[in-house]
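# Working through the structure, step by step
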Amino acid sequence: MTQVILDFGPADFSALRLGPDEFSQEVKTAAIVQWYAEGRISQSKASEMLGISRAKFLDELYRRKVPACQVDIEELREEVRDM
C-alpha cells in the first residue's frame, strides 16, 4: 500500500477534536466523498477505497449532506427517452 504523508500541527487535531489516527481517517474519508461528489469515482470505488460496505458509504454521504444520486436532469431525461 502506498502511504501519503501530510503535515498538520497539534492545533489542527484539536480543531476537530480528533486524535491523529481519527484525524487521518477523517481526511481520507473527506477526500473520497469529495471525489465522489465531483463524479470522479463511483460509489462502489469509494466504498472499496474506504474499506466499507456500499450501504455504509451511503450513510456517510447522508451524514455529510452529499446527494447519493449523481445524475443531472438532462442525463435522466436521456435515460427515460432511451427506454
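Here goes a summary of the coordinates provided. Throughout, residues of each chain are indexed from 1 in the direction in which the sequence is written. Local features in a predicted model are, by the rule used here, given only for residues with pLDDT of at least 70; side-chain atom pairs are given and counted only at 80 or more, and totals for whole chains, interfaces and linings are based on all residues. Hydrogen atoms and water are omitted, and side-chain values are computed over all heavy atoms in the structure.

## Looking at the overall build of the protein chain
Applicable threshold: Secondary structure elements follow DSSP: runs of H or I no shorter than four residues count as helices, runs of E no shorter than two count as strands, and numbering proceeds from the N terminus. Atoms considered for the radius of gyration are the C-alpha atoms alone. The globule rule reads 2.2 Å times the number of residues to the power 0.38. Any residue under 20% of the maximum accessible area for its type is buried, any over 50% is exposed, and the rest in between are partly exposed; the area is computed with a 1.4 Å probe on protein chains only. Any two residues having at least one pair of non-hydrogen atoms within 4.5 Å are treated as being in contact. Per-residue and other accessible areas were derived by the Shrake-Rupley procedure at a 1.4 Å probe size, with only the shown protein chains allowed to occlude residues. For the purpose of charge, His is not counted, nor are the chain termini; Lys and Arg are scored as positive and Asp and Glu as negative. All charge positions are set by atom: Lys at NZ, Arg at CZ, Asp at CG, Glu at CD.
Across its full length, the protein chain holds five helices and zero strands. Beginning at the N terminus, the succession of helices and strands in the protein chain can be written as α-α-α-α-α. The C-alpha radius of gyration computed for the protein chain amounts to 16 Å, which surpasses the reference 12 Å derived for 83 residues by more than 25%, pointing to a less compact arrangement than a globule. Expressed along its principal axes, the backbone C-alpha trace of the protein chain runs to roughly 55 × 30 × 20 Å. Looking at the 83 residues of the protein chain, the share that counts as buried comes to 17%. In the protein chain, the proportion of contacts linking residues at least 24 apart, taken out of those at least 6 apart, comes to 38%. Put simply, the protein chain shows about 6800 Å² of open surface, and 54% of that area lies on carbon and sulfur atoms. Separation between the mean location of the 11 positive side-chain charges and that of the 15 negative ones in the protein chain comes to 4 Å.

## Some remarks on helix H3 (residues 43–50)
Convention followed: In this context, the arc is that of the directions from the helix axis out to the C-beta atoms.
All buried positions along H3 are accounted for by Gln43, Ala46, Ser47 and Leu50. Across the axial projection of H3, the buried residues extend over an arc of 95°, all falling on one side. The elements touched by buried residues of H3 are helix H2 (20–37) and helix H4 (54–63). Downstream of H3 by one or two residues, Gly51 has phi in the positive range, about 70°.

## A word on the pattern of salt bridges
What counts is decided by this rule: In the sections that follow, a salt bridge refers to a side-chain nitrogen of Lys or Arg positioned within 4 Å of a carboxyl oxygen of Asp or Glu.
Tallying each qualifying case throughout the model produces six salt bridges. Here Arg64 and Glu60 are joined by a salt bridge, their closest N and O atoms 2.5 Å apart. We classify Arg64 as partly exposed; its relative accessible area is 24%. When the shortest N-O distance is used, the salt bridge between Arg77 and Glu74 registers 2.7 Å. Of the two residues, Arg77 and Glu74 both sit in helix H5 (residues 73–81), three residues apart, roughly one turn of that helix. A relative accessible area of 47% means that Arg77 is categorised as partly exposed. Each member of the salt-bridge network shares a partner with another, and the members are Glu26, Glu60, Arg63 and Arg64.

It is worth stressing that arrangement in space is one thing and function is another; only the former is reported here.
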